[in-house]
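Coordinates in review
Listed here are the chains, written in short residue letters.
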Amino acid sequence: MTFPEAGGGLPHRRWWSPYLFLAPGLAAVLLFSLWPFVNTVVLSLTDARILDGGSFTGLANYRRALADPDFWLAAANSVLYLLVVVPCLVVLPLALAVLVRREVPGIGLFRSAFYTPVIASAVVVGLIWQWLLRSDGAVNAVLVRLRLVAEPVPFLTDSTMLLVSAMIVTVWKGLGYYMVFYLAALGNVPAALYEAAALDGAGPLRRFVSITVPSVKPMMLLVGTLSAISALRVFTEIYILGGESGGPGGGARTLPFLIRQVGLGFAGETGYASALSLLLFLVTLAFSLLGRRLAKGDGA
């Protein structure tokens, strides 16, 4: 047996040893990530269906998507979803983290309560909110009883209200998740800064704006990027609250919802659904790169 010289590393015949440790992970990435992506790109250039391999059609599916009113409606809903949900999930969890960070009796119970929706199943959460928001649900019962409305609000039977209701569910479920991000970031802010600001006469709001926000700005950019990606991928909330049609006339459908409808069933258009998936991927990638650019510009 030969031994490597000091500082000489492993013998040449064992150069492949590190790759043995990487092989399982690389195989999983190739099998479950890279290959499906490549296959989706190929399918998007065909007229394939679920039971038919189809033939090469070039960019026909993309031209069809750009001329499809359903695509533009779903894209508009997805962008609107992002524009409403992301600011809420950037600001509200930060305010919540500041509140629950205080060391007062029973604060651990509140932290657990705010985090509970995160660990709850999305389907269970959707069903709970469906029960709350339906015409004879608890929310409408309270509103009518207090005479705030003359008749039940169509939370689930109007496309706009359905989309707003789904946004509320998304924000409610994400509050505790991103609160933990901010709690970690706030733990790195020196307490001396707050003490010095308090001595200078700065109130809670002034300390929040002048110390807390600048200190956690990199985390805010990260939360914004992650919540934007999640908002563009929203499906469960729309499906549970609005049913398989995506609300009345499909008016609340988002891009993931439309992709499912197009590619579902024995007559599913796999090629067209793949093209829609890649368009969604490009939009998501654009927002991810935007978040990275903002983070770099901030020096994070």
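Described in the following lines is the structure provided in the data block. Because the structure is predicted, anything quoted here is derived from the model rather than measured.

Enumeration over the complete set of coordinates arrives at nine aromatic pairs. Through successive ring pairs, a cluster of aromatic residues spans Tyr177, Tyr178 and Phe181. Taking NZ or CZ as reference, Arg64 lies 3.8 Å from the ring centre of Tyr272, over its face.

Before going further, it helps to spend a moment on the environment of Asn140. When you line up the elements, Asn140 lands in helix α6 (residues 138-145). For the pair Asn140 and Phe155, spaced 15 residues apart in sequence, the C-alpha separation works out to 9.0 Å. When sequence neighbours within four positions are dropped, the list of residues in contact with Asn140 reads Leu132, Leu133, Arg134, Ser135, Pro152, Val153 and Phe155. At 3.1 Å, the side chain of Asn140 forms a polar contact with the backbone oxygen of Arg134.

Turning to its location among the elements, Ser227 is positioned in helix α10 (residues 217-232). For Ser227, a relative accessible area of 1% translates into the label buried. Not counting residues within four places of it along the chain, the set of residues in contact with Ser227 comprises Val86, Leu89 and Tyr178.

In contact at an axis separation of 4 Å, helix α9 (residues 204-215) and α10 are set at 60° when each is read in the N-to-C sense. The pairing of α9 with α10 is recorded here as oblique in orientation. Residues Val213, Pro214 and Ser215 of α9 pack against Lys217, Pro218 and Met220 of α10. Here the residues of the contact of α9 with α10 are counted per class, giving four nonpolar, one polar and one charged.

Once that is clear, we can look at the pattern of salt bridges. All chains considered together, the criterion is met by four salt bridges. One salt bridge connects Arg64 with Glu269, and the closest N-O pair in it is separated by 2.7 Å. Here Arg64, found in helix α2 (residues 60-66), pairs with Glu269, found in the loop between α12 (255-263) and α13 (270-297); they are 205 residues apart in sequence, far enough to count as distant. Residue classification places Glu269 among the partly exposed residues on the basis of a relative accessible area of 22%. Here Arg253 makes a salt bridge to Asp70, at a shortest N to O gap of 3.2 Å. Pair noted here: Arg253 is in the loop between α11 (236-242) and α12 and Asp70 is in helix α3 (residues 69-100), with a separation of 183 residues, a long-range link. You can call Arg253 buried: its relative accessible area is 11%.

What follows covers the nonpolar core. Counting residues in hydrophobic clusters, the biggest one holds 63 residues, and the most contacted among them are Phe71, Tyr81, Trp129, Tyr182, Leu241 and Leu276. Once residues lying within four places of it in the same chain are set aside, the contact partners of Phe71 are Ala65, Leu66, Leu255, Leu258, Leu276 and Leu279.

What follows deals with helix α5 (residues 122-133). With 12 residues, α5 extends 16 Å between its outermost C-alpha atoms, agreeing within 8% with the 16 Å of an ideal straight helix rising 1.5 Å per residue. Those residues of α5 that sit buried are Val125, Gly126, Trp129, Leu132 and Leu133. Down the axis of α5, the buried side of the element spans an arc of 120°, and every buried residue falls inside it.

Taken together, the side chains of Leu30, Leu34, Trp35, Phe37, Val38, Val41, Val42, Phe281, Leu282, Leu285 and Leu289 define a hydrophobic patch exposed on the protein surface, amounting to about 960 Å² of accessible area. Listed by contribution, the elements that provide at least two residues to the nonpolar patch are α1 (17-43) and α13. Per element, the largest residue contribution to the nonpolar patch is seven residues, and it comes from α1. Mapped onto the elements, Phe37 comes out in helix α1.

A distance of 3.1 Å separates a polar side-chain atom of Arg253 from the backbone oxygen of Gly250. Side chain to side chain, Arg253 and Gln261 meet in a polar contact 2.6 Å long. Dropping the residues within four chain positions of it, Arg253 is found in contact with Asp70, Leu73, Ala74, Asn77, Ser245, Gly246, Leu258 and Gln261.

Quick look at unusual backbone geometry now. Positive phi outside glycine occurs at Arg147, with the angle close to 60°. Considering the arrangement of structural elements, one finds Arg147 in the loop between α6 and α7 (159-186).

Quick notes on the rules
- Residues numbered from 1 in each chain as written.
- Predicted model: local features only at pLDDT ≥ 70, side-chain atom pairs only at ≥ 80, totals over all residues.
- Heavy atoms only, no water.
- Phe/Tyr/Trp six-rings, centres within 6.5 Å; stacked < 30°, edge-to-face > 60°.
- Lys NZ or Arg CZ within 6 Å of the ring centre and 35° of its normal.
- Helix = DSSP H or I, 4+ residues; strand = E, 2+ residues; numbered from the N terminus.
- Contact = heavy atoms within 4.5 Å.
- Polar contact = N/O pair within 3.5 Å; in protein donor to acceptor, adjacent residues only side chain to side chain.
- Buried < 20%, exposed > 50% of the residue type's maximum accessible area, 1.4 Å probe, protein only.
- Axes fitted to C-alpha atoms, helices over the stretch in contact; angles between N-to-C directions.
- Parallel < 35°, antiparallel > 145°, perpendicular 65-115°, else oblique.
- Nonpolar A, V, L, I, M, F, W, Y, C, P; charged D, E, K, R; others polar.
- Salt bridge = Lys/Arg side-chain N within 4 Å of Asp/Glu carboxyl O.
- Core = buried A, V, L, I, M, F, W, Y, C linked by side-chain atoms within 4.5 Å.
- Expected span 1.5 Å × (residues − 1).
- Arc of directions from axis to C-beta.
- Patch = residues over 30% accessible without salt bridge, like charges linked within 9 Å, V, L, I, M, F, W, Y side chains within 5 Å.
- Areas by Shrake-Rupley, 256 points an atom, 1.4 Å probe, with all protein chains shown as cover.

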